[in-house]
Amino acid sequence: MARNRNLTSAFVRQDIEEYIYGLLPKRDAVLREMEAYAAKNRVPIIGPAVARLLALLVRISGAERIFEMGSAIGYSTIWLARAAGPRGEVFYSDGDPENAQRARRSFQKAGVAHRIHVGVGDALKILKRTRGAFDLIFIDVDKHQYPAALRAALPKLRRGGLLVADNTLWHGRAPHPAKDAATRAIQKFNRAVFAHPRLDTSMISLRDGVTISRKL
Ligand SMILES: C[S@@+](CC[C@H](N)C(=O)[O-])C[C@H]1O[C@@H](n2cnc3c(N)ncnc32)[C@H](O)[C@@H]1O
């Protein structure tokens, strides 16, 4: 599991990652099947270590209305929906209709389909046109879009709500001068969330880096 390239960082010591993944409780059959599918087909899911952090943040904060930007096959969506509980409502968004089809089947199997709204198309546009504020917004779209995703997410996040972004260390490239669009966008995003007067932000170097902000 830990050496599955899809689930680990390129920079955390192997023994540390194996230790963390070794401690994680076994997932149920639906999540295990999705992890295996993602590994085989190189779908870049967050994996169980970051998923547990995400679920914990949902439970600690009591988040019930959640928007996910970039949901792929719905692995992280299921963790969010389960953590949000029976009154929870999670908005899935992905640009790929095949991903959405696969995700829908997994939501049924996981028993959470009734709590999830599936949106196919540009996550930033779907978020903008979805009415109401969110308790938690999770950003996991293509990395060059992170600054635009931040601009789209902030007005839709309620005061006290959480903004969580994955891959914010971007394979260990974030600390170094970079020319590629993805790394530069991640760097811009990280600077923006730490400097923003209405965000209280912290970063965790779990897997590929997770940034967590609370809207003041
Ligand atoms: C890293 S994967 C998401 C993984 C998912 N959050 C999980 O952990 O299970 C990123 C997904 O975002 C989608 N994507 C990228 N940019 C997008 C955008 N602007 N709008 C909608 N989907 C987007 C891609 O199709 C891809 O499936």
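Keep in mind that this is a model prediction, so the values were computed, not measured.

The rules behind each value
- Residues numbered from 1 in each chain as written.
- Predicted model: local features only at pLDDT ≥ 70, side-chain atom pairs only at ≥ 80, totals over all residues.
- Heavy atoms only, no water.
- Helix = DSSP H or I, 4+ residues; strand = E, 2+ residues; numbered from the N terminus.
- Rg over C-alpha atoms; globule rule 2.2 N^0.38 Å.
- Buried < 20%, exposed > 50% of the residue type's maximum accessible area, 1.4 Å probe, protein only.
- Contact = heavy atoms within 4.5 Å.
- Areas by Shrake-Rupley, 256 points an atom, 1.4 Å probe, with all protein chains shown as cover.
- Lys, Arg positive; Asp, Glu negative; His and termini not counted.
- Charge placed at Lys NZ, Arg CZ, Asp CG, Glu CD.
- Phe/Tyr/Trp six-rings, centres within 6.5 Å; stacked < 30°, edge-to-face > 60°.
- Core = buried A, V, L, I, M, F, W, Y, C linked by side-chain atoms within 4.5 Å.
- Axes fitted to C-alpha atoms, helices over the stretch in contact; angles between N-to-C directions.
- Parallel < 35°, antiparallel > 145°, perpendicular 65-115°, else oblique.
- Left-handed = near helix turned anticlockwise from the far one by under 90°.
- Nonpolar A, V, L, I, M, F, W, Y, C, P; charged D, E, K, R; others polar.
- Pairing = 2+ DSSP bridges.
- Near = heavy atom within 4 Å.
- Polar contact = N/O pair within 3.5 Å; in protein donor to acceptor, adjacent residues only side chain to side chain.
- Expected span 1.5 Å × (residues − 1).

A. Representation of the overall build of the chain in the model. Within the chain one finds eight helices and seven strands. For 216 residues, the compact-globule estimate of 2.2 N^0.38 gives 17 Å, and the C-alpha radius of gyration of the chain, at 16 Å, lies within 12% of that figure. Burial statistics for the chain: of 216 residues in total, 56% are counted as buried. Within the chain, contacts between residues at least 6 apart in sequence are counted, and of these 67% link residues at least 24 apart. Per element, the accessible surface of the chain, about 10500 Å² overall, is 52% carbon and sulfur. Between the averaged position of the 36 positive side-chain charges in the chain and that of its 20 negative side-chain charges there is a distance of 4 Å.

B. Looking closely at the packing of aromatic side chains. Using the criterion set out here, one finds six aromatic pairs in the structure. Ring geometry for Tyr146 versus Phe189: centroids 5.4 Å apart, planes at 70 degrees, classification edge-to-face. Pair noted here: Tyr146 is in helix α7 (residues 146–153) and Phe189 is in helix α8 (residues 181–195), with a separation of 43 residues, a long-range link. Note on accessibility: Tyr146 and Phe189 belong to one class, buried. Here the aromatic cluster, defined as three or more aromatic residues joined through ring pairs, consists of Phe67, Phe91 and Phe134.

C. Broad picture of the nonpolar core. By size, the foremost hydrophobic cluster in this structure holds 44 residues, and its most contacted members are Val58, Ile66, Tyr75, Ile78, Leu136 and Val164. Secondary structure elements with two or more residues in this core: α2 (29–41), α3 (47–61), α4 (75–84), β2 (89–94), α5 (97–110), β4 (134–139), β5 (157–166) and β7 (210–215). Counting residues per element, this core draws most heavily on α3, which supplies eight residues. Once residues lying within four places of it in the same chain are set aside, the contact partners of Val164 are Leu54, Leu57, Leu136, Ile137, Phe138, Ile139, Val210, Thr211 and Ile212. Among the nonpolar cores identified, the runner-up in size contains 27 residues, and Ile137, Tyr146, Leu163 and Leu199 belong to it.

D. View of the packing of α3 against α4. With their axes 9 Å apart at the nearest point, α3 and α4 run at an angle of 30 degrees to one another. Judged by the inter-axis angle, α3 sits roughly parallel to α4. Crossing handedness for the pair α3 and α4: right-handed. Residues Gly47, Pro48, Ala51, Arg52, Leu54, Ala55, Val58 and Arg59 of α3 form the contact with α4, whose own contacting residues are Tyr75, Ser76, Trp79, Leu80, Ala83 and Ala84. Along the lines of polarity and charge, the residues of the contact of α3 with α4 split into ten nonpolar, two polar and two charged.

E. Fine view of the sheet that holds strand β6 (residues 199–204). Overall, mixed pairing links the seven strands, which are arranged β3-β2-β1-β4-β5-β7-β6 in an open sheet. With one partner strand each, in any of the chains shown, β3 (116–120) and β6 form the two edges of the open sheet. For this sheet the average axis-to-axis angle between neighbouring strands, irrespective of direction, equals 15 degrees. Relative to β5, β4 is paired through five bridges, and the arrangement is parallel.

F. Spatial organisation of the site of the ligand. The ligand sits among 20 residues. The nearest are Ile46, Asp94, Ala123, Asp140 and Gln145. Between the ligand and Asp140, the relevant distance is 2.8 Å, taken from a nitrogen atom to a side-chain nitrogen or oxygen of the residue. Interatomic distance of 3.4 Å between a backbone N/O atom of Asp142 and a nitrogen atom of the ligand. For the shell around the ligand, the secondary-structure elements that each account for two or more residues are α4 and α6 (123–129). Per-class residue counts for the shell around the ligand are eight nonpolar, seven polar and five charged.

G. Examining α8 more closely. The end-to-end C-alpha separation of α8 is 21 Å, in line with the 21 Å expected for 15 residues at 1.5 Å each. Every buried residue belonging to α8 is among Ala182, Thr183, Ala185, Ile186, Gln187, Phe189, Asn190 and Val193, and all of these are buried. Those residues of α8 that are buried are in contact with β4, α7, β5, β6 and β7.

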